[in-house]
Amino acid sequence: MNQKILVLGAGTAGCAASIFLRQLGFEVTLVERQSQASSTGTFKIGESLSPDASKLLQQLNVWESFCQASHLKCYGNVSYWHSKTPTHHDFLQHPLGHGWHLDRLAFDQMLLNKATDLGAQLLTETRITSIRFENEQWKVELNNPQGSHSTKADFMIDATGRNSWLARQMGIDRLYEAEQLALVAFLNIAEDFEDSRTLVETEGAGWWYAAPIPGNRMVTTYFYPPERIKLPTQPTAEEWQKLLEQSPQTTKRIAQAQGELIADCQTVAAHSSILEVLYGSGWVAIGDAALTYDPISAHGITMAMATARDAANAILSYFKGNTEALNAYESVLWAAFQRYAEDRQGFVVKD
Ligand SMILES: Cc1cc2nc3c(=O)[nH]c(=O)nc-3n(C[C@H](O)[C@H](O)[C@H](O)COP(=O)(O)OP(=O)(O)OC[C@H]3O[C@@H](n4cnc5c(N)ncnc54)[C@H](O)[C@@H]3O)c2cc1C
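Here's a quick rundown of the structure. Every value quoted in this text rests on a predicted model; they were computed, and no experiment measured them.

About the cut-offs
- Residues numbered from 1 in each chain as written.
- Predicted model: local features only at pLDDT ≥ 70, side-chain atom pairs only at ≥ 80, totals over all residues.
- Heavy atoms only, no water.
- Helix = DSSP H or I, 4+ residues; strand = E, 2+ residues; numbered from the N terminus.
- Rg over C-alpha atoms; globule rule 2.2 N^0.38 Å.
- Buried < 20%, exposed > 50% of the residue type's maximum accessible area, 1.4 Å probe, protein only.
- Contact = heavy atoms within 4.5 Å.
- Areas by Shrake-Rupley, 256 points an atom, 1.4 Å probe, with all protein chains shown as cover.
- Lys, Arg positive; Asp, Glu negative; His and termini not counted.
- Charge placed at Lys NZ, Arg CZ, Asp CG, Glu CD.
- Salt bridge = Lys/Arg side-chain N within 4 Å of Asp/Glu carboxyl O.
- Polar contact = N/O pair within 3.5 Å; in protein donor to acceptor, adjacent residues only side chain to side chain.
- Near = heavy atom within 4 Å.
- Domains from an automatic or database assignment.

Moving on, we come to the overall build of the protein. Helix and strand counts for the protein come out as 10 helices and 23 strands. On C-alpha atoms alone, the protein measures out to a radius of gyration of 21 Å, which is about the 20 Å that the 2.2 N^0.38 rule sets for 351 residues. Principal axes of the C-alpha set define a box for the protein whose edges measure 60 × 45 × 40 Å. When the 351 residues of the protein are sorted by exposure, 50% land in the buried category. Contacts spanning at least 24 positions in sequence make up 71% of the contacts within the protein whose residues lie at least 6 apart. A total of about 16,300 Å² of accessible surface is found on the protein, and carbon and sulfur atoms cover 47% of it. Taken as two groups, the 28 positive and 39 negative side-chain charges of the protein have centres that lie 2 Å from each other.

Looking at the element boundaries, Lys-4 is found in strand 1 (residues 4–8). Buried and unpaired, Lys-4 has no salt bridge, with Glu-27 as the nearest side chain of opposite charge at 4.7 Å. Polar contacts involving the side chain of Lys-4 include one to the main-chain carbonyl oxygen of Lys-152, which spans 3.4 Å. When residues no more than four places from it in sequence are discounted, the contact partners of Lys-4 are Glu-27, Thr-29, Thr-151, Lys-152, Ala-153, Asp-154 and Phe-155.

Around the ligand, a shell composed of 29 residues is seen, among which Glu-32, Glu-47, Ser-48, Arg-104 and Asp-288 lie nearest. Taking Thr-12, its main chain carries an N or O atom lying 3.1 Å from an oxygen atom of the ligand. One of the backbone nitrogen or oxygen atoms of Ser-48 is found 2.8 Å away from a nitrogen atom of the ligand. For the ligand, the protein covers 90% of the area, taking 1,000 Å² as the surface of the free molecule. Mapped by element, the contributors of at least two residues to the shell around the ligand are helix 1 (12–23), strand 19 (266–269), helix 8 (287–290) and helix 9 (300–319). Formed jointly, the shell around the ligand draws a minimum of three residues from each of two domains, domain 1 (4–47 + 102–176 + 274–347) and domain 2 (181–269).

Here we come to the pattern of salt bridges. The full count for this structure, using the stated rule, is 6 salt bridges. One salt bridge connects Asp-310 with Arg-309, and the closest N-O pair in it is separated by 2.9 Å. Several salt bridges share partner residues, and in doing so they unite Glu-47, Arg-104 and Asp-108 into one network.

For the rest of this paragraph, the subject is unusual backbone geometry. Even without being a glycine, Asn-135 presents a positive backbone phi close to 50°. In this model, Glu-136 sits at a positive phi of 65°, which is unusual for a non-glycine residue. Counting through the fold element by element, Glu-136 comes out in the loop between strand 9 (127–134) and strand 10 (137–144).

Put into structure tokens, the structure is as follows:
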């Protein structure tokens, strides 16, 4: 295929799309607004990945590199969901084995390396200053430290995360479920702390998530509805500690790990949402730009890779003359989101 595809955003979704598109023979330019797609200055959570992701990693042809990297194996979850009695979910019963706690910077860097090895062109620190779609082609003005440039593309992919930059330029609305914020804190933990399970515990109208991540660290997150719980966006260590103390299991886990807060807490958006329209003339949205699930589903990274693969295949079909391919992509995502929203009733936090 000699069409040129401009992929916006070099997170998991954008890097995965670049790999799949190169595998299909498209010319690919990956545009990232940050200085380094995986720079240490970038705030990355340290997500957990379910065993199901292994199939996608094999399709991306990065399975061996992934297995050699320092991601932590995760053997299951323990949940105190409105109960003092734990529920265990053991990955050893999963046909594909264990999951992982990701070193997300290393994960995105691995995907980026693969994309550029396959011939994708990477432009970092690059902002798009204007776009026009005329005669089936995008005319794009870019700006980066090297100066201003014009380029053309046959198709664009919005992989800009929750920001959904390109879709917003098209005037597309995002539909939200109830607002949810996540207060994220990183801790140093003891080197010999071995419990790699994810811990989940409800507290009031919110819930805690705690999991070890590579580098003898732990990520803790308090998810809460801001209309019911008022918290400062950057609480002090004392305020964070006070909040934590209301959750005995998470407090215990942190004490067992000898956890010490590393840096300031950060508040990020964590609600479920979907673009009202997922594709249009010459563009399609993938990853968080297309839809976001509640992090309790631990689905975001897998979804980013799966939508990247499905969109790449839909683009191929589209250029081969199948005008329904992108519509089918959209219908599948909408149906999945509707099922998810229905299932989610079980997750709604009780009073
Ligand atoms: C608190 C929290 C916990 C989570 N936990 C989990 C978990 O345990 N497991 C899981 O699977 N998922 C989890 N998720 C979801 C997961 O983090 C996301 O689904 C995933 O990061 C989506 O990847 P992405 O590539 O679509 O977007 P992003 O990772 O947001 O990447 C978007 C990229 O686009 C770039 N960009 C933005 N705007 C522009 C622009 N205009 N031009 C060029 N580049 C641009 C950004 O700099 C960034 O590099 C969690 C999310 C939250 C908020």
